[in-house]
Amino acid sequence: KDWKAILQARAKELVPGGRFVCVNFCVSEEGYFLGQTDVGASMWDSFKNAWDQLKDQNLIDEEERLGVSFPNYYRTKEEFLECMDEIPELKVVSVTEKVVRCPYRELYSSGKIDMSPREYAEWFVPTTRTWSHSTFKSALKAKRKDKEEVMVQFWKNYMGLVEKDPTSHGMDYAHAYIVLEKA
């Protein structure tokens, strides 16, 4: 519904021959998506393992362990295109999927930067924290006064996983590159 509304708005804004280029996260034909591709460990599985450790460390209860829910939905190419017949003013010029490898892991694995496994973890982990910290924190019960302390331990847990096997940890992107043109 939202995607269709976005396309309808662009169709109104564009002049004939004008193009709309959209680059968006997707689920690729191979089933790859943000943080889960054919290279390395799944970022999502690693997050789950680091979060589950909090329960083992008696820092969260079962309700909090299960309370993490990311509001992400990645469309397939077919889902991006399914409403196009309802917007006759726009024609599809091209749709391409591409996996963009994690630049952190690529630099580390290639040896182009000289870092210890710990230094790599300290460099890489903050890029995942910027967009996920609040989601994890929201799983903690509202009445808790130690939320930040729990979150510090979570990020230590995740950093420890990355440090153990740095070349397996990265955040590849799966993008759809969509080009539409107004007839």
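In what follows, the structure referred to is the one given above.
Residues numbered from 1 in each chain as written. Predicted model: local features only at pLDDT ≥ 70, side-chain atom pairs only at ≥ 80, totals over all residues. Heavy atoms only, no water.

S.K.: Which parts of the structure should I look at to understand the overall build of the protein?
M.R.: Across its full length, the protein carries seven helices and three strands. Secondary structure elements of the protein occur, N-terminal to C-terminal, as α-β-α-α-α-β-α-α-α-β. Radius of gyration (C-alpha) of the protein: 20 Å, far over the 16 Å computed for a compact globule of 183 residues. When the backbone C-alpha atoms are referred to their principal axes, the protein occupies close to 60 × 45 × 25 Å. In the protein, buried positions account for 39% of the 183 residues. Considering only intrachain contacts with a sequence separation of at least 6, the fraction spanning at least 24 residues in the protein is 77%. Of the side-chain charges in the protein, 26 are positive and 30 negative, and the distance between the mean point of each set is 5 Å. (Helix = DSSP H or I, 4+ residues; strand = E, 2+ residues; numbered from the N terminus. Rg over C-alpha atoms; globule rule 2.2 N^0.38 Å. Buried < 20%, exposed > 50% of the residue type's maximum accessible area, 1.4 Å probe, protein only. Contact = heavy atoms within 4.5 Å. Lys, Arg positive; Asp, Glu negative; His and termini not counted. Charge placed at Lys NZ, Arg CZ, Asp CG, Glu CD.)

S.K.: Explain the sheet that holds strand β2 (residues 90-100) to me, please; I cannot follow it from the model alone.
M.R.: Strand-to-strand pairing in sheets goes through backbone hydrogen bonds, with the strands running parallel or antiparallel. Strand order in the open sheet made by the three strands is β1-β3-β2, with antiparallel pairing throughout. Every interior strand has two partners, whereas the edge strands, β1 (19-25) and β2, have only one. Sheet twist, expressed as the average angle between the axes of neighbouring strands with direction ignored, equals 15°. In the sheet, β2 pairs with strand β3 (residues 173-182) via ten bridges, with the strands oriented antiparallel. Counterpart to Val99 in the pairing with β3 is Ala174. (Pairing = 2+ DSSP bridges. Axes fitted to C-alpha atoms, helices over the stretch in contact; angles between N-to-C directions.)

S.K.: How should I be thinking about the packing of helix α6 (residues 117-138) against helix α7 (residues 147-164) in this particular structure?
M.R.: Any two packed helices are characterised by the angle at which their axes cross and by the distance between the axes. Where α6 contacts α7, the two axes come as close as 9 Å, and the packing angle between them is 140°. Between α6 and α7, the interaxial angle falls into the category oblique. Judged by the twist between their axes, the crossing of α6 over α7 is right-handed. Partitioned by chemical class, the residues of the contact of α6 with α7 number twelve nonpolar, three polar and seven charged. (Parallel < 35°, antiparallel > 145°, perpendicular 65-115°, else oblique. Left-handed = near helix turned anticlockwise from the far one by under 90°. Nonpolar A, V, L, I, M, F, W, Y, C, P; charged D, E, K, R; others polar.)

S.K.: Looking at this model, I keep getting lost on the side chain of Ser28. Mind explaining?
M.R.: Its place among the elements puts Ser28 in the loop between β1 and α2 (43-56). Looking at Ser28, the relative accessible area reads 7%, which means it is buried. One polar contact links Ser28 to Glu30, side chain to side chain, over a distance of 2.9 Å. (Polar contact = N/O pair within 3.5 Å; in protein donor to acceptor, adjacent residues only side chain to side chain.)

S.K.: Please clarify how the environment of Arg118 should be interpreted in this entry.
M.R.: Tracing the backbone shows Arg118 in helix α6. Looking at Arg118, the relative accessible area reads 31%, which means it is partly exposed. Along the sequence, Arg118 and Glu163 sit 45 residues apart, while their C-alpha atoms lie 5.1 Å from each other. If near-sequence neighbours (up to four positions away) are discounted, Arg118 is found in contact with Met159 and Glu163.

S.K.: What is the right way to read α6 from this model?
M.R.: With 22 residues, α6 extends 30 Å between its outermost C-alpha atoms, agreeing within 8% with the 32 Å of an ideal straight helix rising 1.5 Å per residue. Where α6 bends most, at Ser132, the angle is about 60°. Those residues of α6 that fall on the buried side of the exposure criterion are Tyr120, Ala121, Phe124, Val125, Thr127, Thr128, Ser132, His133, Thr135 and Phe136. Buried-residue contacts for α6 involve α2, α5 (103-110) and α7. (Expected span 1.5 Å × (residues − 1). Bend = angle between axes of the 7 residues up to and from the residue.)

S.K.: Explain the nonpolar core to me, please; I cannot follow it from the model alone.
M.R.: The tendency in soluble globular proteins is for nonpolar side chains to be buried as a group. In this structure, Phe47, Trp51, Phe124, Phe136, Phe154, Trp155 and Tyr158 are the most contacted members of the largest nonpolar core, which totals 28 residues. Listed by contribution, the elements that provide at least two residues to this core are α2, α6 and α7. Once residues lying within four places of it in the same chain are set aside, the contact partners of Trp155 are Phe47, Val125, Thr128, Arg129, Ser132, His133 and Phe136. Phe80, Cys83, Val95 and Ile178 belong to the second-largest nonpolar core, a separate cluster that totals 17 residues. (Core = buried A, V, L, I, M, F, W, Y, C linked by side-chain atoms within 4.5 Å.)

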